[in-house]
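Notes for the structure review
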Amino acid sequence: MRLRLGQVLPALCLGAAFPLLWFALWHGGPGNDLDTYEQQLLELQQRLLYADMENKKRSHELSSALHEIKNIAARGMNMTKNHTGELKWKELTLPGKLPMHLTNIYYYLPHLREYEDAIFPNVIFGQQRTGVSLVMGIPTVKREKQNYLIDTLHSLLYQLSEEQKRDCVIIIFVAEVDAEYVKSVAESVKTSFPREVQSGVLEVVSPPASYYPDLSNLQKTLGDSEDRVRWRTKQNLDYSFLMLYAQPKGTFYLQLEDDIIAKPDFVESIKSFAAQQSQDWMVLEFSQLGFIGKLFKSEDLPQIVEFFLMFYKDKPIDWLIDHLLWVKVCNPEKDATHCEKEKSKLRVRAKPSLFQHVGTFSSLAGKIQNLKDKDFGKMLLHKAHNNPPAKVDTSLKIYEQYTLEKVYKGQDCFWGLAPVAGDYIRFTFLNPLEVEKYLFRSGNVEHPGDKLFNTTVEVLPADKTLRKELIHGGSKFNYPATKDGYLKIGAFENGTAEGSISQAIGRIEAIRLSVSSDSPVWAILSEVLIKTSEN
């Protein structure tokens, strides 16, 4: 076991001074000798207290300097990696891990003194972004039944603009010590979001096995079962680890869960609400449920985590936050109403909620979790536009009432079973039109993964002479032509196809979405916009 001499020696000396004083008092001889003993010991005590204060001051200064050096190094590494644009994978066993900073962590988790790397996270992949405005933390664990992580990430990323993606980082904290499971989660994220992984929007990290203390003999509290006490205790440790890893990366930290959906423009809503507040808030709440949608200033995280670690075995995380606020602002001599009023200055609730809990199966084995945030409201699953009159048809098998006509008219979304190569969605105008631009958006907030992949946008010129030329002689435009006279003018990228149409093509008779490969998922069209000079 390795102990810091500067931490241990003053405590040992102070602890030894009081038994000596007691011994002198109990076995004291003449009064003068006793007075001398008392005076000497009191002077010794004062000197030791002063030395201890100086030691803590120097330790804090050294910790701050080390923190700043590592921040500078991380920023330099981030700049280098962003310019290379290469994906850097780190195996679980390799060095180059990011440290966590908490001076007193060894007091609350004394077992960590025995392990050199116990507070160093395994960075499975990530570009180690720093200097962003918003860091989002998502802890995830192995569940007995359904896993919601990929759907949650789809929902979050679906709402982010490219500019917002450049100014944030989403950390997936796989709170498991099974290396194979951690790798499987990382591979799933990498496969589903290759662009976001490579750009540095997404990071996956996990804790070393030595981070967790023995959780087998915890004292049962609050009437909870042994399994529930163990589950909530580990959860407190998971939040603490994740927060400390995230702390130096950005200005604000947003705590999320792995089984949620987000409202459109949630980042802009958070930014706007935070800007309206005074500087003395500690947590802004964008969901009324548990620990979902809680925004903190990154500079406050070390203090918050230290409080969590003091009582991590005693109560759930959301209760600990409430107790921290009580400690900071409540007067024991005043009533509960006054206390709640004071706490509301530090914990500010935003309405409506921006995040909704969608999971049914809790991470606690056997627990069914049907919690819903009543302030979230109803999600709009499609977006309406005033499109020109057209006949619509598709080769996809339609699911229930979600027809292509409804999305074109802005009444609902279109939902079809998994597309295969050769499938199409077509919009044939009643009268040929000069189309200026188009937008097709697939997926929606409830089913963000049901997107169109490997799908092109094609237009059919109304000029039949031009169509014959395209069929027999190729295209005189900068677009490839199909065998039936269509021009391929665009394609879906990350679920969306958007662009303008060259006026040189002339009037257009039809627009077709053509699927070039089999898809493993169903397809939703949630928005169709066809802009002409007349609408």
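Residues numbered from 1 in each chain as written. Predicted model: local features only at pLDDT ≥ 70, side-chain atom pairs only at ≥ 80, totals over all residues. Heavy atoms only, no water.

1. Some points on the packing of aromatic side chains
Under the definition given, this model contains 18 aromatic pairs. Ring geometry for tyrosine 211 versus phenylalanine 241: centroids 4.7 Å apart, planes at 75°, classification edge-to-face. Of this pair, tyrosine 211 sits in the loop between β4 (202–206) and α8 (226–246) while phenylalanine 241 sits in helix α8, and the two are 30 residues apart along the sequence. Looking at tyrosine 211, the relative accessible area reads 1%, which means it is buried. Taking the relative accessible area as the measure of exposure, phenylalanine 241 reaches 0% and is therefore buried. In textbook terms, an aromatic cluster arises when at least three aromatic residues are bridged by ring pairs, as seen for Phe173, Tyr211, Tyr212 and Phe241. Sitting over the face of the ring of tryptophan 281, lysine 297 holds its NZ or CZ atom 4.7 Å from the ring centroid. Lying across the ring of tyrosine 486, arginine 512 places its NZ or CZ 3.7 Å from the centre. (Phe/Tyr/Trp six-rings, centres within 6.5 Å; stacked < 30°, edge-to-face > 60°. Helix = DSSP H or I, 4+ residues; strand = E, 2+ residues; numbered from the N terminus. Buried < 20%, exposed > 50% of the residue type's maximum accessible area, 1.4 Å probe, protein only. Lys NZ or Arg CZ within 6 Å of the ring centre and 35° of its normal.)

2. Comments concerning the state of the cysteines
Taken as a whole, this structure holds 1 disulfide when the rule is applied. Between the sulfur of cysteine 330 and that of cysteine 339 lies a disulfide, 1.8 Å long from S to S. Disulfide cysteine 330-cysteine 339: the torsion about the S-S bond is 75°, which places it as right-handed. Overall, the relative accessible area of 10% leaves cysteine 330 in the buried class. For cysteine 339, a relative accessible area of 8% translates into the label buried. (Disulfide = S-S within 2.5 Å.)

3. A look at the sheet that holds strand β16 (residues 487–491)
Read across the sheet, 5 strands follow the order β11-β13-β18-β15-β16 without closing on themselves; strand pairing throughout is antiparallel. The open sheet has two edge strands with one neighbour each: β11 (390–394) and β16. Neighbouring strand axes in the sheet, compared pairwise and without regard to direction, differ in orientation by 20° on average. Along the sheet, helix α14 (residues 464–473) makes contact with β15 (455–461), β16 and β18 (508–515), crossing β15 at roughly 130°. (Pairing = 2+ DSSP bridges. Axes fitted to C-alpha atoms, helices over the stretch in contact; angles between N-to-C directions. Contact = heavy atoms within 4.5 Å.)

4. Details of α8
Taking 1.5 Å per residue as the helical rise, α8 with its 21 residues ought to reach 30 Å, and the 30 Å between its terminal C-alpha atoms agrees with that figure. In terms of burial, α8 is a largely internal element, 15 of the 21 residues being buried. (Expected span 1.5 Å × (residues − 1).)

5. A short note on the environment of phenylalanine 440
Relative to the assigned elements, phenylalanine 440 resides in strand β14 (residues 435–442). A relative accessible area of 0% places phenylalanine 440 in the buried class. Among residues more than four places away in sequence, those in contact with phenylalanine 440 are Phe427, Val457, Phe492, Gly495, Thr496, Ala497, Ile511, Leu513, Leu525, Glu527 and Val528.

6. Some details on the sheet that holds strand β12 (residues 414–416)
Pairing is antiparallel in the open sheet, where 4 strands are placed in the order β12-β19-β14-β17. Where the open sheet ends on each side, the last strands, each with one partner, are β12 and β17 (496–500). Neighbour-to-neighbour, the strand axes of this sheet turn through a mean angle of 20°, independent of strand direction. Sheet topology places β12 next to strand β19 (residues 523–532); 3 bridges connect them, and they run antiparallel.

7. Quick word on the pairing of β19
For β19, the buried fraction is high: 9 of the 10 residues fall into the buried class. Relative to β19, β14 runs antiparallel, the two sharing 7 bridges. Along β19, the bridge assignment pairs valine 435 with threonine 532.

8. Details of a negative patch on the surface
A surface patch of negative charge is lined by Glu163, Asp167, Asp265 and Glu268. Tracing the chain through its elements places aspartate 167 in the loop between α5 (162–166) and β3 (168–174). (Patch = residues over 30% accessible without salt bridge, like charges linked within 9 Å, V, L, I, M, F, W, Y side chains within 5 Å. Areas by Shrake-Rupley, 256 points an atom, 1.4 Å probe, with all protein chains shown as cover. Salt bridge = Lys/Arg side-chain N within 4 Å of Asp/Glu carboxyl O. Lys, Arg positive; Asp, Glu negative; His and termini not counted. Charge placed at Lys NZ, Arg CZ, Asp CG, Glu CD.)

9. Comments concerning the side chain of histidine 154
Within the fold, histidine 154 resides in helix α4 (residues 149–158). Aside from chain neighbours lying at most four places away, what touches histidine 154 is Phe193, Pro448, Gly449 and Lys451.

10. Comments concerning the pattern of salt bridges
Under the definition given, this model contains 19 salt bridges. For lysine 343, the salt bridge is made with aspartate 322, and the minimal N-O distance between the two is 3.0 Å. Residue lysine 343 is located in helix α12 (residues 336–346), and its partner aspartate 322 is located in helix α11 (residues 317–329); the two are separated by 21 residues in the primary sequence. Lysine 343 serves as the salt-bridge partner of glutamate 340, at 2.9 Å between the closest nitrogen and oxygen. In this pair, glutamate 340 and lysine 343 are both assigned in helix α12, 3 residues apart and thus about one turn of the helix distant. Here glutamate 340 falls in the partly exposed class, since its relative accessible area comes to 43%.

11. Re the packing of α4 against helix α6 (residues 179–192)
At a minimum axis separation of 11 Å, α4 and α6 run at an interaxial angle of 35°. With respect to the hand of their crossing, α4 and α6 are arranged in right-handed fashion. Where α4 approaches α6, its residues Leu149, Ile150 and Leu153 are matched on the opposing element by Val185, Ser188, Val189 and Ser192. A breakdown of the residues in the contact of α4 with α6 according to their chemical character gives 5 nonpolar, 2 polar and no charged. (Left-handed = near helix turned anticlockwise from the far one by under 90°. Nonpolar A, V, L, I, M, F, W, Y, C, P; charged D, E, K, R; others polar.)

12. Quick look at unusual backbone geometry
At the junction of lysine 351 and proline 352, the peptide bond is cis and its omega measures out at -5° in the coordinates. The residue proline 352 is located in the loop between β9 (347–349) and β10 (355–357) in this model. At aspartate 265, a position not held by glycine, the phi torsion is positive, near 60°. In this fold, aspartate 265 is placed in the loop between β6 (260–262) and α9 (266–275). One non-glycine residue, glutamate 400, lies in positive phi territory at about 50°.

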